[in-house]
Protein chains: 4
Amino acid sequence: MRAVMKVDKSPGIKVMDTDRPRLGPRDVLVQVKATAYCGSDLHLYKWDGQAVKWNSPIPRILGHEFSGDVVEVGKNVTMVQVGDLVAGETHIPCERCYMCRTGRMHICENMKIFGVHVPEGSFAEFAVIPETIAYKLPPGTPYDVGALYEPCGVAMHAVQRAAPNPGDIAVVLGCGPIGIYVQQIMRALGSDVIATDIKKFRIEHARRVGAAREVIDASEGNVVERIKAATGQRGADIVFEAAGAGSTIIQSLDIVAKAGKVVLFGASPENPTLDTTTYIVYKEIDVLGLTGRYMYSTWDRVQRLVTRGLIDLKSVVTHTFPLEKAEEGFQLLLRGDASKVILRP
Amino acid sequence: MRAVMKVDKSPGIKVMDTDRPRLGPRDVLVQVKATAYCGSDLHLYKWDGQAVKWNSPIPRILGHEFSGDVVEVGKNVTMVQVGDLVAGETHIPCERCYMCRTGRMHICENMKIFGVHVPEGSFAEFAVIPETIAYKLPPGTPYDVGALYEPCGVAMHAVQRAAPNPGDIAVVLGCGPIGIYVQQIMRALGSDVIATDIKKFRIEHARRVGAAREVIDASEGNVVERIKAATGQRGADIVFEAAGAGSTIIQSLDIVAKAGKVVLFGASPENPTLDTTTYIVYKEIDVLGLTGRYMYSTWDRVQRLVTRGLIDLKSVVTHTFPLEKAEEGFQLLLRGDASKVILRP
Amino acid sequence: MRAVMKVDKSPGIKVMDTDRPRLGPRDVLVQVKATAYCGSDLHLYKWDGQAVKWNSPIPRILGHEFSGDVVEVGKNVTMVQVGDLVAGETHIPCERCYMCRTGRMHICENMKIFGVHVPEGSFAEFAVIPETIAYKLPPGTPYDVGALYEPCGVAMHAVQRAAPNPGDIAVVLGCGPIGIYVQQIMRALGSDVIATDIKKFRIEHARRVGAAREVIDASEGNVVERIKAATGQRGADIVFEAAGAGSTIIQSLDIVAKAGKVVLFGASPENPTLDTTTYIVYKEIDVLGLTGRYMYSTWDRVQRLVTRGLIDLKSVVTHTFPLEKAEEGFQLLLRGDASKVILRP
Amino acid sequence: MRAVMKVDKSPGIKVMDTDRPRLGPRDVLVQVKATAYCGSDLHLYKWDGQAVKWNSPIPRILGHEFSGDVVEVGKNVTMVQVGDLVAGETHIPCERCYMCRTGRMHICENMKIFGVHVPEGSFAEFAVIPETIAYKLPPGTPYDVGALYEPCGVAMHAVQRAAPNPGDIAVVLGCGPIGIYVQQIMRALGSDVIATDIKKFRIEHARRVGAAREVIDASEGNVVERIKAATGQRGADIVFEAAGAGSTIIQSLDIVAKAGKVVLFGASPENPTLDTTTYIVYKEIDVLGLTGRYMYSTWDRVQRLVTRGLIDLKSVVTHTFPLEKAEEGFQLLLRGDASKVILRP
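What you see is a predicted model, and the numbers here were worked out from it, not measured in a lab. (Residues numbered from 1 in each chain as written. Chains lettered and ligands numbered in written order. Predicted model: local features only at pLDDT ≥ 70, side-chain atom pairs only at ≥ 80, totals over all residues. Heavy atoms only, no water.)

Digging into the pairing of strand 5 (residues 65–73) of chain D
Residue and element names in this part refer to chain D. Bridge count between strand 3 (residues 27–36) and strand 5: eight bridges; the pairing is antiparallel. Along strand 5, the bridge assignment pairs A34 with S67. Taken together, the three bridges between strand 5 and strand 6 (residues 85–88) define a ladder with antiparallel strand orientation. Residue G68 lies in a different strand from strand 6, and its bridge partner there is V86. (Pairing = 2+ DSSP bridges. Helix = DSSP H or I, 4+ residues; strand = E, 2+ residues; numbered from the N terminus.)

Quick look at the structure:
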């Protein structure tokens, strides 16, 4: 089959022929119909420090956000059938550790990330996943939408961690795809949303397809003053840090109201120096971290909003390519000229 | 001043002259601009069993849902000023009991209800209330809207007790004014709402101004089957019992999903016989009671949704009268031909 | 192997030879070392209305609370090994329904109860269970203690539903084994515990081994007055209804404080008539139902308190018999002359 | 009256005669019977950077943790009577701001701190406080115990923020008086407690009177390894940062388990640099800040545990002096040779 592969540790990828991955007794074989680029695919493309840290096996097929049709199942599979339309959960839990056994498989102590730790990903004609991470989509779900349940799940998980109250004012720092989804979900839940970013492309995109009352260009400065002014000086009830930068983490503590909540889920390359006493202790706030999403309750919540039309998963898609043109997608993303890019194998 | 009074225990009211109520040192005098009928005013009009149980003093001025302008303040008043636009909280807490001291003034152990226990209410040109129960409205709030914060507060409190999750399916049993508000709030929070009632007037009204996907005429039977069908046989995530009847309380336990929540706030004249084992224990549900609203956090949440246009408090108003025509309002409500009726003194 | 069996629908049991149950590919075979009588075993012994309702297959082996050693595992088993010391979870979930997929396997929509719906139980030399319901006990756990994790799990689940605050006053209605465990857990968590029962044997037993400050003989009346007196007239912060009777459910609503919690988990044969308006709405309480326990987070919490000596699971055991004398255990329990009875096959 | 005063900005105090503070209409005059030194008194004594930042008025009477008898009340006082035994809440809220009106007076937007912002404190024969911050103690409470409700309230608030689950493993970083109280409360609630400190005096004191299973001397290093070893490598379910140091804040994120909680309430002079991505995002933890305590629900919870003997407030008192020897108390504390010191005016 054709696949987008990483064959060595130099930057770049190759679209080439490779064997279909092998099907274990509790695995399912999916014919991939749509698969989206995630930031981690860029790390692997560049083979930067993060890629080295992951110790990702090479050669490998990239990609992990996808949807498609089940075309074969292992002999012990009981929950999925040939013909099912599924999306793939990226996290492969051990099902044995303390976290897995107490309801938090998504932060398994022995987690393997599909598309990172296992050698085969979803940028290919076919992908194999354990049945435990195949999420059955409602019949009729467009493939592109199905491929985007996974990143939207992170946004939903962030919102559920925040547990908004009616009419909360929420600030979303960062207008990448997940930031956009957080904005859409929060608006669907009756919150008043303000967003920020520093990249022109993202600011424009958020203004066009996002759900924020206002999208602030943070490169112009004065973010803190503008948020304070927009909230009667109280600050935001909830701040979502979706930018993954040291400066926005520091900002999040400043713009949150007393007794408010800061939700952290962006992976930041810098470690911020924080005045925890002034901003966490004296303001009595909650700083809530999260990664991934619950299996499967978060997915179910995404499905509820998507099927009722309250959020639009495709709104973040700016480009779509066939598998053979995978390089173009990488180039667009590396230049910052795209939000979500989808491959259709 | 002119006032709508109850002078003896026979049914009916009199619109007549009476003295302005006296202003204590921590009280405020409000010129009433809009005041709404509540179900308790009907009990007092009829002087039925409920009225006898309240042991409400006579002669008295009826009414407790209102807004108006502060025209005089007692000498120890510190939180309200002449000229403030205020709505009145109905509950007068003792500020001393265990409940008052631990954050729950609204269920004070020694509660007095304005318009029920104190002899003067709001169906009059002027009303006196302690400053602690005067809620300052945002400048520019229409008086009719201000008078309706109080009943909407019950709806908001019910929703906050339910703590909905994103995309929950909610059933609201009862389409009176508070039921309508619950429907509006839940839709504003992204829930999928189904409503029921048995009265034609209310069903029509809910279909016109409510926020439910579907308003079921419960007099046609099969409510349970219809709710199950509409929820993939799972039942509703949340059921709000806003009808105040034994039969709807029983129904609420039946139509709620496993691990769901039933929120009770309607005062029911009948005591239902409940299969608690099948419906509460084995379904592992929460049955959550509530009365009134928090002072003042609930009011703040109403204000947030009202000022952002997410709920429309006036949508439940079907009739408006001058004080002198108060009898007409009572007759309409007793016949079931009105939702919310407002007097403008 | 020898087993305690129900061979027809007349009252009674037979201790007899029967085949070992068959081992499926994801099952484990356990040599049963200790197994305890539960109330449901009495229903099956008598073959009363409850047994008929369950439609339990006959002939069958009774029993479901047990511990023992794993002696063989099916070929697809991955989480349990031969030699592991395990206790059995009674609930066999489908792992496919909405409840199972969203973290609540213990209230699976298609639940099978081991020892009730499946023909083989634990009152035998060997038992077969799916690996998913085998809970690995800490090495060195006495078999009797291991067999009692399951009923203690119900008590722990009840306590976690109640989410006690520091220093809460808790009333436990009912001093059967689970009631005793609730008392012990609540005392271990710093609560002030008052218990009630009407049976002399249980009252004596609770006074001897329980953890309540006071055990009230409810047959003498005045329970409500005594609880009110003991709580400064406020009532209990939390009431656990562990008696499973219509009268104690009614009582629970009366003796709980305003804003308090009533936790229901006893299966009551009668349906109580409740004044929900006075006791649930106006007191603004939570009525919280529950059944079984979470897999496996509740078990983990039991393990934490047991291994640290904060609760004593064996304290409820009043009698122990070999399998051949199973009839004696039934007779003691039917007469009300025992708390927990254990069989050692 | 005699009082411990700060008359200028040079280090030190004077015990001298001064006027009794004036009684306002909603104030109460308390004859101080016991008053304890807090860390903020040391800042004022030394007049260090923190004191400068507070802009505390001079001349002033020090002290704010105290109990005593009400000897006079202002003419509008309604909640306290002459003869009442009271302790003083340190925080004087405005009762008007958003925080005050929505249940969080303890983090009032316009907070004044008694003993810091107002010129008269409790290191004197008499003190004046608004009736709203006078907490009536149970009759018979020893004065020393009454004076310690306030610091224990911080510990209780920290524990309630953490909302421990049954059998949680808690690590308390810091064995000052509040750290000791957290240890005692957590043990009373059934948790397994490990404590750390770097000062010999505090380590010895914690081992003698604390409630920790183990008190680790953090100056010997390897704290992280020892905590991991003591928790089966999982880390602590809850970490309380009671030391107020940048290094312990960093440590708290390292030693908490996945999905665990870090509770911050120590005021740290240094701003730590934190790897929020590794420790907050990927571990999915909650970092919960807090200051002071709820008025009055936290006090009520302290009272419940104290009156039932589950915690021993006097256990932290190492020295007691008459007012005239206030200097000795300061010297002991500045040398680190005392835990809690009490003055008896």
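Back to the write-up after that little detour.
Some thoughts on the interface of chain C and chain B
Taken together, the contact between chain C and chain B spans 37 residues of the former and 37 residues of the latter. Overall, the association of chain C and chain B removes approximately 3,200 Å² of surface from exposure, summing both partners, and the carbon and sulfur fraction of that is 53%. Of all residues in chain C, the largest losses of buried area upon contact with chain B belong to K258, V281 and E284 of chain C, amounting jointly to 20% of the total for that side. Remark: the boundary between chain C and chain B carries two salt bridges. Residue D286 of chain B is joined to R161 of chain C by a salt bridge in which the shortest nitrogen-to-oxygen separation is 2.8 Å. Inspection of the chain C/chain B interface yields 22 residue pairs in polar contact (both at pLDDT 80 or more). Among the elements of the structure, helix 3 (98–101), helix 5 (149–162), strand 15 (256–264), helix 10 (276–281) and strand 16 (286–289) of chain C are those that each provide at least two residues to the side of chain C that touches chain B. A per-class count over the side of chain C that touches chain B returns 18 nonpolar, ten polar and nine charged. As judged from the three bridges shared by strand 16 (residues 286–289) of chain B and strand 16 of chain C, these two strands associate in the antiparallel manner. Looking at strand 16 of chain C, one finds that V287 of chain B is bridged to V287 of chain C. (Contact = heavy atoms within 4.5 Å. Buried area = accessible area lost by both parts, 1.4 Å probe. Salt bridge = Lys/Arg side-chain N within 4 Å of Asp/Glu carboxyl O. Polar contact = N/O pair within 3.5 Å; in protein donor to acceptor, adjacent residues only side chain to side chain. Nonpolar A, V, L, I, M, F, W, Y, C, P; charged D, E, K, R; others polar.)

Observations concerning the relation of the copies chain C and chain B
Once chain C is rotated about the relating axis by 180° and shifted along it by 0.0 Å, it coincides with chain B to within an RMSD of 0.0 Å. The superposition operator between the copies reduces to a two-fold rotation axis. Across chain C, the rotation axis passes nearest the C-alpha of T273 of chain C, at a separation of 2.0 Å. Taken as a fraction of all interface residues of chain C, those also at the interface in chain B reach 100%, which identifies the copy contact as same-surface. (Least-squares fit on C-alpha atoms with pLDDT ≥ 70 in both.)

Looking at unusual backbone geometry
Look at the link from I58 of chain A to P59 of chain A: it is a cis peptide, with omega at 5°. The backbone of E95 of chain D shows a phi angle near 65°, a positive value even though the residue is not glycine. Looking at the secondary structure, you find E95 of chain D in the loop between strand 7 (91–92) and helix 3 (98–101).

Let's talk about the relation of the copies chain D and chain A
If you rotate chain D by 180° and push it 0.0 Å along the axis, it lands on chain A with an RMSD of 0.0 Å. The residues that chain D uses at the interface reappear at the interface of chain A in 100% of cases, marking a shared surface.

Quick notes on the packing of aromatic side chains
Scanning all chains against the criterion turns up 39 aromatic pairs over all chains. Where Y135 of chain A meets Y296 of chain A, the ring centres are 6.4 Å apart and the plane angle is 25°; that geometry is what we call stacked. Here Y135 of chain A is found in strand 10 (residues 134–136), whereas its partner Y296 of chain A is found in the loop between strand 16 (286–289) and helix 11 (297–307), with 161 residues between them in sequence. The burial state of Y135 of chain A is the same as that of Y296 of chain A; both residues are buried. Ring centres of F66 of chain B and F114 of chain B lie 5.8 Å apart, and the angle between their planes is 40°; on these two criteria the pair is classed as tilted. Of this pair, F66 of chain B sits in strand 5 (residues 65–73) while F114 of chain B sits in the loop between strand 8 (112–113) and strand 9 (126–130); the two residues are 48 residues apart in sequence, bridging distant segments of the chain. (Phe/Tyr/Trp six-rings, centres within 6.5 Å; stacked < 30°, edge-to-face > 60°. Buried < 20%, exposed > 50% of the residue type's maximum accessible area, 1.4 Å probe, protein only.)

Regarding the pattern of salt bridges
One side chain can pair with another of opposite charge once the charged atoms of both are near each other. Here the structure, examined in full by the defined rule, presents 90 salt bridges over all chains. Among the ionic pairs, R213 of chain B bridges to D192 of chain B, the shortest N-O distance being 2.5 Å. Of the two residues, R213 of chain B is situated in the loop between helix 7 (200–209) and strand 13 (214–217) and D192 of chain B in strand 12 (residues 192–197); the sequence distance between them amounts to 21 residues. It is possible to trace a salt-bridge network through shared partners that takes in D168, R234 and D237 of chain A together with D300, R301 and R304 of chain B.

Notes on the domain arrangement of chain A
The parts lose accessible area when they come together, and the size of an interface is often stated as this lost area. All names here are of chain A. Domain boundaries in chain A define domain 1 (2–147 + 312–344) and domain 2 (152–289). Computed from C-alpha coordinates alone, the two centres of domain 1 and domain 2 are separated by 28 Å. Each partner contributes residues to the interface: domain 1 has eleven residues there, and domain 2 has nine residues. Of the roughly 860 Å² buried between domain 1 and domain 2, counting both surfaces, carbon and sulfur atoms make up 61%. Contact with domain 2 buries surface across domain 1, with L313, S315 and V316 losing the most and accounting together for 45% of the total. Taken together, domain 1 and domain 2 are joined by zero salt bridges. (Domains from an automatic or database assignment.)

Considering the state of the cysteines
Put plainly, two cysteines are in a disulfide when a covalent bond ties their sulfur atoms together. For the structure on display, the rule yields zero disulfides over all chains. Distance from the sulfur of C100 of chain B, which forms no disulfide, to the nearest cysteine sulfur (C108 of chain B) is 3.8 Å. Given the relative accessible area of 11%, C100 of chain B is considered buried. In this model C97 of chain C remains outside any disulfide bridge; the closest cysteine sulfur is found in C100 of chain C, 3.8 Å from its own. (Disulfide = S-S within 2.5 Å.)

With respect to the interface of chain D and chain A
Each partner contributes to the interface: chain D provides 37 residues, whereas chain A provides 37 residues. Its largest share of buried area at the contact with chain A, chain D owes to K258, V281 and E284 of chain D, together 20% of the area lost on that side. Here chain D is connected to chain A by two salt bridges. If you look at where chain D meets chain A, you find 22 residue pairs in polar contact (both at pLDDT 80 or more). Elements that contribute at least two residues to the side of chain D that touches chain A include exactly helix 3, helix 5 (149–162), strand 15 (256–264), helix 10 (276–281) and strand 16 (286–289) of chain D.

Some points on the sheet that holds strand 11 (residues 169–173) of chain C
Taking strand neighbours across the sheet as the criterion, the twelve strands line up as 13(B)-12(B)-11(B)-14(B)-15(B)-16(B)-16(C)-15(C)-14(C)-11(C)-12(C)-13(C) in an open arrangement whose pairing is mixed. Across the chains shown, the open sheet's two edge strands, defined by having one partner strand only, are strand 13 of chain B together with strand 13 (214–217) of chain C. Pairwise comparison of adjacent strand axes, ignoring direction, gives a mean angle of 15° for this sheet. By the bridge criterion, five bridges tie strand 14 (residues 236–241) of chain C to strand 15 of chain C in an arrangement that is parallel. Pairing of I238 of chain C across the sheet is with K261 of chain C, part of strand 15 of chain C. In this fold helix 5 (residues 149–162) of chain B packs onto strand 14 (236–241), strand 15 (256–264) and strand 16 of chain B together with strand 16 of chain C, with an angle of close to 150° to the strand it touches most, strand 14 of chain B. Contacting strand 12 and strand 13 of chain B, helix 7 of chain B crosses the sheet at an angle of about 170° to strand 13 of chain B. (Axes fitted to C-alpha atoms, helices over the stretch in contact; angles between N-to-C directions.)

Focus on the nonpolar core
The tendency in soluble globular proteins is for nonpolar side chains to be buried as a group. By size, the foremost hydrophobic cluster in this structure holds 74 residues, and its most contacted members are Y149, I185, F240 and L313 of chain C. Formed jointly, this core draws a minimum of three residues from each of two domains, domain 1 (2–147 + 312–344) and domain 2 (152–289) of chain C. Non-local contacts of I185 of chain C, meaning those with residues more than four positions away in its chain, are made with C152, A155, M156, V159, L305 and I311 of chain C. The next biggest cluster of nonpolar side chains, apart from the first, holds 73 residues, and it includes V159, I180, V215 and L305 of chain A. (Core = buried A, V, L, I, M, F, W, Y, C linked by side-chain atoms within 4.5 Å.)

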